[in-house]
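# Residue-level structural notes
If you want the building blocks of each chain, they are given just below.
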Amino acid sequence: MSAPRVASLLPSATEMICAVGMEEHLVGVSHECDWPPSVVGRPVLTSSRLSMVGASGENDRDLRALLQDALAVYAVDDEALEKVRPDVIVTQDLCDVCAVAYDDVLGAVRTLTNSDVRLVNLHPKVLQDIWDDLRRVGAALGASEAAERSLAAMDARVASVRERVAQLAPEQRPHTLTIEWIDPVMVGGMWMPELVEIGGGRSLVTSAGEHAPTLDEDALRALDPAPDVVLVKPCGFPLAKTLDESGDLAALLARMPWPAIERGAVWVADGNAYFNRPGPRIVDSLEILAACMHPQLFADFAELYAEGFRRFGVGEHAPSA
């Protein structure tokens, strides 16, 4: 039996497909799939109504306008999907602003000549869901053994982080705030609280599996306990894009009475590659976060991921009066 032709409609699924050794059978990807680099150039099966070239506040307003008009943020290219003739399509139904809506995928599948296409629908909310999704992708593609090997490697890296932070006393575990959107400020939810805890911190605002809440400036200022460490990693923003908004971010943070500001413990990271993609690189994200919370203990990770995150000097980036 030949291996199935597989189409991916979101970046994390593409990374999972490659992690289980099925990249050569990947016949189409989403417009956002960029990792591993070798997937770039494959037929693109989706598009977005949002350009995402503006600032985060502008993007947020455009997105809300689309949703208010009941318009889908993303679309499937039915013609392109038919042309690549997939046997399996990997998609998601967790977030309609993260990838193509599941109902739209179902509509596209109904137009295909091949009516036997199998849908693998991902719905990750906590870390275990990510592990389970990778296992399901492997099973759907006849690559269960490869999936288990990949998961074993991920487990070993997570266990290594846990072992290194086990030596920390409770007072050495910083209260940590993760921010996944700048304007308005949204606090990281879903699997982020788990990453904080595993990496040796104490999560603020959200618990595992909760959606990202929006906090206004008064709510941020009133956080108790206040954050000792802040990580800013806007969803879909590469590091350079986040730094483009450094003035607005610095102005906001400068108004916060947080120990993190005084300690110089504010970090910015690539929110496109890490943290917001529930795939194999979620372990990379854990290692980056551990390095933010404990720079000395995880100096090796700081060096390894130097291009993916950096310390954010609030005073350095504050707009001049």
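Conventions used here
Residues numbered from 1 in each chain as written. Predicted model: local features only at pLDDT ≥ 70, side-chain atom pairs only at ≥ 80, totals over all residues. Heavy atoms only, no water. Helix = DSSP H or I, 4+ residues; strand = E, 2+ residues; numbered from the N terminus. Buried < 20%, exposed > 50% of the residue type's maximum accessible area, 1.4 Å probe, protein only. Contact = heavy atoms within 4.5 Å. Areas by Shrake-Rupley, 256 points an atom, 1.4 Å probe, with all protein chains shown as cover. Pairing = 2+ DSSP bridges. Axes fitted to C-alpha atoms, helices over the stretch in contact; angles between N-to-C directions. Salt bridge = Lys/Arg side-chain N within 4 Å of Asp/Glu carboxyl O. Polar contact = N/O pair within 3.5 Å; in protein donor to acceptor, adjacent residues only side chain to side chain. Expected span 1.5 Å × (residues − 1). Core = buried A, V, L, I, M, F, W, Y, C linked by side-chain atoms within 4.5 Å.

## Considering the overall build of the chain
Counting its regular elements, the chain contains 14 helices and 13 strands. By residue count, 52% of the 321 residues in the chain fall in the buried class. Taking all contacts inside the chain whose residues are at least 6 apart in sequence as the whole, residues at least 24 apart take part in 69%. In the structure as shown, the chain presents an accessible area of about 14400 Å², 50% of it carried by carbon and sulfur atoms.

## A closer look at the sheet that holds strand E6 (residues 118-122)
In a beta sheet, neighbouring strands are held together by backbone hydrogen bonds and run either parallel or antiparallel to one another. The parallel open sheet is built from four strands, whose spatial order is E2-E1-E5-E6. Either end of the sheet is taken by a strand with one partner, and the two such strands are strand E2 (26-28) and E6. Strand-to-strand twist across the sheet, computed as the mean angle between neighbouring axes with direction ignored, equals 35 degrees. With five bridges joining them, strand E5 (residues 88-92) and E6 adopt parallel strand pairing. If you follow Val90 over to E6, its bridge partner there is Val120. The sheet strands contacting helix H1 (residues 11-19) are strand E1 (6-8), E2, E5 and E6, and the helix crosses E1 at an angle near 145 degrees. Contacting E5 and E6, helix H5 (residues 127-140) runs over the sheet at an angle of about 170 degrees to E6.

## Considering the pattern of salt bridges
Scanning the model with the defined rule gives 14 salt bridges in all. For Glu23, the salt bridge is made with Arg42, and the minimal N-O distance between the two is 3.9 Å. Taken together, the residues Glu23 in the loop between H1 and E2 and Arg42 in the loop between E2 and strand E3 (46-48) connect sequence positions 19 residues apart. Taking the shortest distance from any N to any O, the salt bridge between Asp300 and Arg164 comes out at 2.9 Å.

## Examining the side chain of Ser30
Mapped onto the fold, Ser30 is located in the loop between E2 and E3. Under the relative-accessibility criterion, Ser30 is labelled buried at 3%. At 3.1 Å, the side chain of Ser30 and the backbone nitrogen of Glu32 are in polar contact. Other than its neighbours up to four places away in sequence, Ser30 contacts Ser8, Leu9, Leu10, Pro11, Val44 and Thr46.

## Considering the pairing of strand E7 (residues 175-181)
In terms of residue burial, E7 counts as a mostly covered element, since seven of its seven residues are buried. Direction of pairing for E7 relative to strand E9 (residues 202-203): parallel, over a ladder of two bridges. Of the residues in E9, the one forming a bridge with His175 is Arg202. Here E7 pairs with strand E11 (residues 229-232) via four bridges, running parallel. Its bridge partner lying in E11, Thr176 is registered against Val229. In this sheet, strand E8 (residues 185-187) lies alongside E7 in antiparallel orientation, the contact comprising two bridges.

## Here we look at H5
Because the α-helix completes a turn every 3.6 residues, residues three or four places apart line up on one side. Helix length check: H5 (14 residues) gives 20 Å between terminal C-alpha atoms against 20 Å at 1.5 Å per residue, within 8%. Burial in H5 covers these residues: Leu127, Ile130, Trp131, Asp133, Leu134, Val137, Gly138 and Ala140. On the buried face of H5, the contacting elements are H1, E5, E6, helix H6 (144-165), helix H7 (192-198) and helix H12 (282-293). Just downstream of H5 lies Gly142, where phi reads positive at about 70 degrees.

## Some points on the nonpolar core
Nonpolar side chains in soluble globular proteins tend to end up buried together. Counting 59 residues, the largest nonpolar core has Val90, Trp131, Leu195 and Phe275 as its most contacted members. With nine residues, the top contributor of residues to this core is H12. Val232, Met256, Trp258 and Val314 belong to the second largest nonpolar core, which has 24 residues in total.

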